[in-house]
Amino acid sequence: MKKLVSLTAAFALSAGLLAGCSGTASEPGSEDRVVNVCSWGEYIDESLIGEFEEQTGIRVNYQTVPSNEELYSILSMGGANYDVIVPSDYMISQLIEEDMLAELNYDNIPNFSKIDDRFKNLAYDPENKYTVPYAWGTLGIIYNTSKVDGEITSWDAMFDTQYADQVLMINNSRDALGIALLDLGYSVNTDSEEELQAAYQRLADAKEAGVYQAFVMDEVFDKMEAGEAAIATYYAGDYLSMLENNPDLAYVVPEEGSNWFVDAMCVLKDAENKDEAEEWINFMCSTEASLKNMDYIWYASPNTEALEQYPAYYEELYGEPLDQELYEIMAAPQEVLDRCEVYLVRPAETRALYNDLWTQLSI
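Model, not experiment: these values are computed from the prediction.

A count of helical and extended segments in the chain gives 14 helices and ten strands. Scaling as 2.2 N^0.38, a compact globule of 363 residues should have a C-alpha radius of gyration of about 21 Å, and the chain matches this with 20 Å. Expressed along its principal axes, the backbone C-alpha trace of the chain runs to roughly 60 × 50 × 35 Å. Within the chain, the fraction of its 363 residues that count as buried is 54%. The long-range share in the chain, meaning contacts at least 24 apart out of those at least 6 apart in sequence, stands at 73%.

So, in structure tokens, the structure goes:
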């Protein structure tokens, strides 16, 4: 949350991470232990990397990708040496389906017992063989109250010509088409070609009408914080990070519903450092690391103790109570989740249609 790190410390840490990113797994005969982690941008308190290295002697190569789809593309091409990845629920299902993940040895991950039962045995890993949940949250609309008249409550705003050249659409197919499906009253898990074509047309018409200033992923931070756009769609935790730099921003889960997601830590089947990977996972789902990470990234932890303790942790850390409204954006209450859907992996034909429609939209 309050990311007040000195510039010197931040630079030193960044330099270390960049050096680590260029590294590879240990050379044969080397005594060095290493774990190669790939996650999302702005998705970890980087001081935890140093803590893990100090506690375990394991060097961390930490890298990022902007989307599930790009992660999948990298993995499919076989050009990565990742050990731990942190994909979202629907992508996990696909990776399991394609036999790309290793079964975990939970004897090496005792902190799995701290994960709340709500986040176990989910559809993407019903037997808890492959994953340990990392963080969860919602997708919603972020808007600048100084640039928009009144409250936004509907996905309609993402297609409204009155906001021409002021809207940032998310740059991945599952979320963007999902938003259009929800706005049309359809499920985000539909396999109907007619409904998906209608969702594509909703996006294409808005693009043609000049509604979209850009399709973005992490570029959304700079644009919304600087007031360069009026409306965007992105994730709740990232909104709370942006809010620190622009207090005019607001967030809403639209009335039509949205996606609520779980990102989870997995080990690739061909990982060269599986023991080290499981040590990393166990460390990251400890209560201490979960509390510190929640405070930095503004995403809710699936660790039961961390969820319960966070308001008191925040007050002790900052000397003031945690704003309940902000906490419920980070850790959405059940009544919000009840009107949201989890993305489920779709059949191969539907995935191919998504790819075709997204390619058409990008031309």
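The next point concerns the pairing of strand 1 (residues 33–40). Of all eight residues making up strand 1, seven are buried, and the element is well covered by its neighbours. The pairing of strand 1 with strand 2 (residues 58–65) spans eight bridges and is classified as parallel. In the strand pairing of strand 2, Val 34 is matched with Arg 59. Once the chain exits strand 1 it traverses helix 2 (residues 47–56) before rejoining the sheet at strand 2, and the crossover so formed is right-handed. Where strand 1 and strand 3 (residues 84–85) come together, two bridges link them in parallel fashion.

Further remarks concern the confidence of the model for the chain. Overall, the predicted model of the chain reaches an average pLDDT of 91, with 91% of residues at or above 70. Segment residues 1–30 is flagged for pLDDT under 50; beyond a separation of four residues in sequence, or across chains, it makes 45 contacts in the model.

In this section: helix 10 (residues 287–297). The element helix 10 is extensively covered by neighbouring structure, given that nine of its eleven residues are classed as buried. Among all positions of helix 10, only Thr 287, Ala 289, Ser 290, Leu 291, Asn 293, Met 294, Asp 295, Tyr 296 and Ile 297 are buried.

A few words now on the nonpolar core. Counting residues in each nonpolar core, the largest one holds 131 residues, and the members touching the most others are Ile 85, Ile 231 and Trp 280. The biggest single contributor to this core is strand 4 (residues 132–144), with eight residues. Not counting residues within four places of it along the chain, the set of residues in contact with Ile 231 comprises Ile 141, Ile 142, Tyr 143, Val 148, Ile 152, Ala 157, Met 158, Tyr 163, Gln 166, Val 167, Leu 168 and Met 224.

According to the stated counting rule, one finds 14 salt bridges in the structure shown. The salt bridge involving Glu 127 is made with Lys 129; its shortest N-O contact spans 4.0 Å. Take Lys 129: its relative accessible area is 31%, and that puts it in the partly exposed class. The shortest N-O distance in the salt bridge between Lys 223 and Glu 228 comes to 3.9 Å. The network of salt bridges with shared partners includes Arg 33, Glu 276 and Glu 279.

It is worth spelling out the side chain of Asp 238 at this point. Mapped onto the elements, Asp 238 comes out in helix 8 (residues 236–245). The class of Asp 238 is buried, set by a relative accessible area of 5%. Excluding residues within four positions of it along the chain, Asp 238 makes contact with Phe 221 and Tyr 299.

Here Trp 298 lies in the loop between helix 10 and helix 11 (304–318). A relative accessible area of 5% means that Trp 298 is categorised as buried. Residues Trp 298 and Lys 114 lie 184 residues apart in sequence; the distance between their C-alpha atoms is 19 Å.

Structurally, the position occupied by Ala 214 is in strand 6 (residues 212–216). Given a relative accessible area of 21%, Ala 214 falls into the partly exposed group. Separated by 46 residues in sequence, Ala 214 and Leu 168 have C-alpha atoms that sit 5.3 Å apart. Excluding its chain neighbours within four sequence positions, the residues that come into contact with Ala 214 are Val 167, Leu 168 and Met 169.

Mapping Glu 278 onto the fold places it in helix 9 (residues 274–284). Sequence-distant contacts of Glu 278, defined by excluding residues within four places in its chain, comprise Leu 104, Asn 105, Asn 108 and Ile 109.

Moving on, we get to the packing of aromatic side chains. Per the counting criterion, the structure on display carries 21 aromatic pairs. Taking the centre distance of 5.4 Å and the plane angle of 55° together, the rings of Phe 52 and Phe 283 count as tilted. Of this pair, Phe 52 sits in helix 2 while Phe 283 sits in helix 9, and the two are 231 residues apart along the sequence. For Phe 283, a relative accessible area of 9% gives the class buried. Centroid distance Phe 221 to Tyr 234: 6.2 Å. Interplanar angle 80°. Geometry classified as edge-to-face. Here the residue Phe 221 occupies a position in helix 7 (residues 219–225), and Tyr 234 occupies one in strand 7 (residues 231–235), the gap between them amounting to 13 residues.

Despite not being glycine, Asn 121 shows a phi value in the positive range, around 55°. Residue position: Asn 121 is located in the loop between helix 4 (89–97) and strand 4. Looking at Asn 121, the relative accessible area reads 49%, which means it is partly exposed. At Asp 165, a position not held by glycine, the phi torsion is positive, near 65°. Along the chain, Asp 165 falls in the loop between strand 4 and strand 5 (167–170). Since its relative accessible area comes to 44%, Asp 165 is described here as partly exposed.

Thresholds, definitions, all that
- Residues numbered from 1 in each chain as written.
- Predicted model: local features only at pLDDT ≥ 70, side-chain atom pairs only at ≥ 80, totals over all residues.
- Heavy atoms only, no water.
- Helix = DSSP H or I, 4+ residues; strand = E, 2+ residues; numbered from the N terminus.
- Rg over C-alpha atoms; globule rule 2.2 N^0.38 Å.
- Buried < 20%, exposed > 50% of the residue type's maximum accessible area, 1.4 Å probe, protein only.
- Contact = heavy atoms within 4.5 Å.
- Pairing = 2+ DSSP bridges.
- Right-handed = clockwise from strand over helix to strand, strands pointing away.
- pLDDT = per-residue confidence, 0-100.
- Core = buried A, V, L, I, M, F, W, Y, C linked by side-chain atoms within 4.5 Å.
- Salt bridge = Lys/Arg side-chain N within 4 Å of Asp/Glu carboxyl O.
- Phe/Tyr/Trp six-rings, centres within 6.5 Å; stacked < 30°, edge-to-face > 60°.

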